[in-house]
Amino acid sequence: MLRSLDELLLELEQSIESDAQRASYEANLGTATRVAAALPLVHRTGHERQVEPWHRILYGGMLRASDATEEERQCGWTRAAYFFLGSAAYPHGDIAFVLAPQATGGFAGSFSPFDSGALACG
């Protein structure tokens, strides 16, 4: 279900069928890699259902992972905090934290081009 970014990229590379597709892929790979590496990670927060006010994040310097939804439990997660590459995918939350990709500091995580509902469905 969940795969590393390297696995997803390998699958993409393996899907290239023609010489023209391969040439286009190779010509644009460097630029695409630089763009992706420069995009920020975005976390949305600050909504009515939050237990604590959003500004506590600034005081403590930490995001609190939410208890898993049914879909997240089906994916094998117990808690989750979401970040999106480049922009927030969902319109929930009045506040957006924008972080450099290096801010993850090697924390464990996973990457998916799908939301937890789609992952739970396979």
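Residues numbered from 1 in each chain as written. Predicted model: local features only at pLDDT ≥ 70, side-chain atom pairs only at ≥ 80, totals over all residues. Heavy atoms only, no water.

Caption draft 1: Structural detail: the packing of aromatic side chains. For the coordinates displayed, the defined rule picks out 2 aromatic pairs. Look at Trp77 and Tyr82: their rings are 6.5 Å apart centre to centre, the planes differ by 70°, and that puts the pair in the edge-to-face class. With 6.5 Å between their ring centres and 15° between their planes, Tyr82 and Phe84 make a pair best called stacked. In this structure Tyr82 comes out as partly exposed when scored by relative accessible area, which is 31%. (Phe/Tyr/Trp six-rings, centres within 6.5 Å; stacked < 30°, edge-to-face > 60°. Buried < 20%, exposed > 50% of the residue type's maximum accessible area, 1.4 Å probe, protein only.)

Caption draft 2: Here's a closer look at the side chain of His43. With respect to the element layout, His43 can be found in strand β1 (residues 41-45). A polar contact of 2.7 Å, which involves the side chain of His43, links it to the backbone oxygen of Tyr82. The contact partners of His43, leaving out residues within four places of it in the chain, are Leu63, Tyr82, Phe83, Ile95, Ala96 and Phe97. (Helix = DSSP H or I, 4+ residues; strand = E, 2+ residues; numbered from the N terminus. Polar contact = N/O pair within 3.5 Å; in protein donor to acceptor, adjacent residues only side chain to side chain. Contact = heavy atoms within 4.5 Å.)

Caption draft 3: A look at the pairing of β1. Where burial is concerned, most of β1 is hidden: 4 out of the 5 residues are buried. Relative to strand β4 (residues 84-85), β1 runs antiparallel, the two sharing 2 bridges. Looking at the pairing, Leu41 lines up with Leu85 of β4. The sheet contact formed by β1 and strand β5 (residues 95-99) spans 5 bridges and is antiparallel. Its bridge partner being in β5, Leu41 is matched across the sheet by Leu99. (Pairing = 2+ DSSP bridges.)

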